[in-house]
Amino acid sequence: GSRAPCVFRLPGYGGEARLWKLPAYATGGRLPRKFLTELGLIHFDAALLVTDGRLSGADASLFSTLRLAGVPCDVVHTGVDVAVRKLEVRLRTASRATCLAVVKQKFRRDLSAPDGHVHFVTLEDSCWTGADPFGRIDGLCQRVEHFIRAKVEFGTAVA
């Protein structure tokens, strides 16, 4: 992961919307509260916690700390296709839909996240079609755009 923050200004929104890519939380063994303070996350309008595999205790702790600090936070699980494929191999007779449901249930349980705050995505476009499609990023993009529009246009946003 990166070790220095990077800012990206979003086109439109009168220059008011920025996305920050922050250093990986798990690198450096930071405590969640200290991480929030060091990077000023408590002053952010929202956070996206992105994990590329199994949810770590550090991820769950940071998510919980962000929520307790009142920072709206969603979690993005990238590479969900890999978890589904591993489970398909292990269970052999289970369908892709069943394996996906198991992966989602375990991830949400480990995170204690409310519905709508966890997004399971993949770059593997073969997962986006077929009998049991999954992993598209559309829902996440719509949620982020809705949040930004509400914040910029009305000064408030729904968490």
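Residues numbered from 1 in each chain as written. Predicted model: local features only at pLDDT ≥ 70, side-chain atom pairs only at ≥ 80, totals over all residues. Heavy atoms only, no water.

## Some remarks on helix 2 (residues 57-68)
For an α-helix, the turn length of 3.6 residues means that residues three or four places apart are oriented alike. Stated formally: Put simply, DSSP marks the helices as runs of H or I at least four residues long and the strands as runs of E at least two long, and each gets a number from the N terminus on. In this analysis, the expected span of each helix is defined as 1.5 Å times one less than the number of residues it contains. When a residue's accessible area, from a 1.4 Å probe over protein chains only, is under 20% of the maximum for its type it is buried; when over 50% it is exposed; and in between it is partly exposed. By the criterion applied in these results, polar contacts are pairs of N or O atoms within 3.5 Å in which, for protein atoms, one can donate a hydrogen and the other can accept it, and in which residues neighboring in sequence qualify only through two side-chain atoms.
Look at helix 2: 16 Å from first C-alpha to last across twelve residues, which is about the 16 Å you get at 1.5 Å a residue. Turning to helix 2, its buried residues number three or more, namely Asp59, Ala60, Leu62, Phe63, Thr65 and Leu66. Where helix 2 begins, the capping side chain belongs to Ser56, and its oxygen is found 3.0 Å from the backbone nitrogen of Asp59. Trailing helix 2 by a residue or two, Gly70 shows a phi angle of about 85°, which is positive.

## Here we look at the pattern of salt bridges
To keep things clear, this is the line we draw: Salt-bridge detection follows one rule: a side-chain nitrogen of Lys or Arg within 4 Å of a carboxyl oxygen of Asp or Glu.
Evaluated as defined, the whole model comprises six salt bridges. The shortest N-O distance in the salt bridge between Lys106 and Asp110 comes to 2.7 Å. Here Lys106 and its partner Asp110 are both found in helix 4 (residues 96-111), four residues apart, which amounts to about one turn of the helix. Residue Lys106 is classed as partly exposed on the basis of its relative accessible area of 41%. Within this structure, Lys106, Arg109 and Asp110 form a network of salt bridges that share partners.

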